[in-house]
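Remarks on the overall topology
Take a look at the letters that make up each chain.
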Amino acid sequence: MHQNMLPGFSDVLEASERLKGKAVRTPLLENAELNRITGGRILIKPEVLQHTGSFKFRGAYNFISQLDETAQKSGLVAYSSGNHAQGVAYSAQLFGIKSTIIMPKDAPQIKIDNTRAFGAEVILYDRFRDSREDIGNKVLQETGAIFVPPYDHRNIIAGQGTCGLEIAQQVAELDLELDAAIVCCGGGGFVSGVGLALNELSPFTKIYSAEPENFDDMAKSLTAARRIENSPEARSICDAILTPTPGKLTFQLSLGFLDRGLCVSDMEVRAAMTYAFRTLKLVVEPGGAVALASVLSNKLETKGKTIALTLSGGNVDTETFKKLLLA
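The present account deals with the structure reproduced in this document. (Residues numbered from 1 in each chain as written. Predicted model: local features only at pLDDT ≥ 70, side-chain atom pairs only at ≥ 80, totals over all residues. Heavy atoms only, no water.)

A few points about the nonpolar core
Core analysis: the largest hydrophobic core is formed by 35 residues, its most contacted members being Ile182, Val290, Leu292, Leu309 and Leu311. Contributions of two or more residues to this core are made by β1 (41-46), β6 (180-184), β7 (206-212), β8 (260-264), α12 (266-280), α13 (290-296), β9 (306-311) and α14 (318-324). A total of six residues in this core trace back to one element, the largest contributor, which is α12. Apart from residues no more than four positions distant in its own chain, Ile182 is found in contact with Tyr208, Ala210, Leu262, Ala291, Ser294, Val295, Leu300, Ile307, Ala308, Leu309 and Thr310. (Core = buried A, V, L, I, M, F, W, Y, C linked by side-chain atoms within 4.5 Å. Buried < 20%, exposed > 50% of the residue type's maximum accessible area, 1.4 Å probe, protein only. Helix = DSSP H or I, 4+ residues; strand = E, 2+ residues; numbered from the N terminus. Contact = heavy atoms within 4.5 Å.)

Now the structure itself:
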């Protein structure tokens, strides 16, 4: 099928079969204290426990597993601030494929080190001065490698959607009805994939994207019903989800599935990271904490509601983590 076609629920089911025995079926956790302060039942999907520390492994593996032998021999190229990088590098390692990852030089050192540890060649660039697309295109032309998109591809979206499939199955196992789901959002691959699965299996569940201030392009785009770009001067601590605008495919899906977007400040993200560490006993990176931050900062009514939220990544180095935790 053509890569620019929207994925369907059947694609998520097929991705789930490919990932069986490969991806971690991360648990759905509850915390009594979090339920107490929110007045609801908050179900936490900790993708920090996924291979490579984020949900990105799901989409990367699903994409790479569908390449034919000739394409696999050509090698892979991806650009990422770290989580997609690690997902691609680890998946490539499992298939015995060479990978080249283009990463911003200000990415957390742990993400750079882990990507290299998975056998990838890492090319660093200045995210505010250089074009990762230009660098990537040069490598592609020189090597004939295959580009692995970070989010805007049917096979990537379908792979990320397996997380939503698991949420729906796990909620059903608890004999609960899910009022809402809040999903961390950068380019939209995760939230659109989760939305695709939940829309099929739990159609009355309201789905929300969660983003940092100044990078709330999905929220603004949903309101405007067209893709909105962030200011190039925008800054945030949430390095994993700092994309300029939603993807074409991811936005088209999100426009149909999402209720609206939620937006949190960097300080609210830091408070959520601190809460996750001290109360939930989980290490969450800034971008992975935006959905939890949305609940803790009352961006959504939680009283009497059953709400699932994602902790999308936990790749943060020790020094940065210590600096961001609140006293």
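Focus on the side chain of Thr250
Inspection of the secondary structure assignment puts Thr250 in helix α11 (residues 248-257). At 2.8 Å, the side chain of Thr250 and the backbone oxygen of Gly187 are in polar contact. In this structure, Thr250 is in contact with Tyr151, Asp152, Ile157, Gly187, Gly188, Gly189, Ser192 and Met218, ignoring residues within four places of it in sequence. (Polar contact = N/O pair within 3.5 Å; in protein donor to acceptor, adjacent residues only side chain to side chain.)

A word on the pattern of salt bridges
Enumeration according to the criterion identifies 18 salt bridges in this entry. Two residues, Glu30 and Arg41, come together in a salt bridge whose shortest N-O distance is 2.6 Å. Here Glu30 is found in the loop between α1 (9-19) and α2 (32-38), whereas its partner Arg41 is found in strand β1, with eleven residues between them in sequence. Here the residues in one salt-bridge network are Lys45, Glu47, Arg58 and Glu166, joined through shared partners. (Salt bridge = Lys/Arg side-chain N within 4 Å of Asp/Glu carboxyl O.)

Things to note about the pairing of strand β4 (residues 121-125)
Each regular strand shows side chains that alternate between the opposite faces of the sheet. By the bridge criterion, five bridges tie strand β3 (residues 99-104) to β4 in an arrangement that is parallel. Bridging from a neighbouring strand, Met103 pairs with Leu124 of β4. Traced from β3 through helix α6 (residues 109-117) to β4, the parallel crossover comes out right-handed. (Pairing = 2+ DSSP bridges. Right-handed = clockwise from strand over helix to strand, strands pointing away.)

Topic: the environment of Gly314
Here Gly314 shows up in the loop between β9 and α14. Taking the C-alpha atoms as reference points, Gly314 and Phe95, separated by 219 residues in sequence, lie 24 Å from one another. When sequence neighbours within four positions are dropped, the list of residues in contact with Gly314 reads Val48, Gly53, Val283, Val284 and Glu285.

Some points on helix α8 (residues 154-173)
Taking 1.5 Å as the rise per residue, α8 with 20 residues should run 28 Å; its terminal C-alpha atoms sit 28 Å apart, in good agreement. A large share of α8 lies buried, amounting to 17 of its 20 residues. In the segment just after α8, Asp175 is the residue with positive phi, at about 60°. (Expected span 1.5 Å × (residues − 1).)

A short note on unusual backbone geometry
Phi angles above zero are rare outside glycine, and Asn214 is one such case at about 75°. Inspection of the secondary structure puts Asn214 in the loop between β7 and α10 (217-224). Positive phi is not limited to glycine here, since Lys281 has a value of about 65°. Residue placement: Lys281 occurs in the loop between α12 and α13.

What to know about the pairing of β1
Along β1, five of the six residues are buried, which leaves the element largely enclosed by surrounding structure. Where β1 lies against β9, six bridges are found, and the strand directions are parallel. For Lys45, the partnering residue across the bridge sits in β9 and is Thr310.

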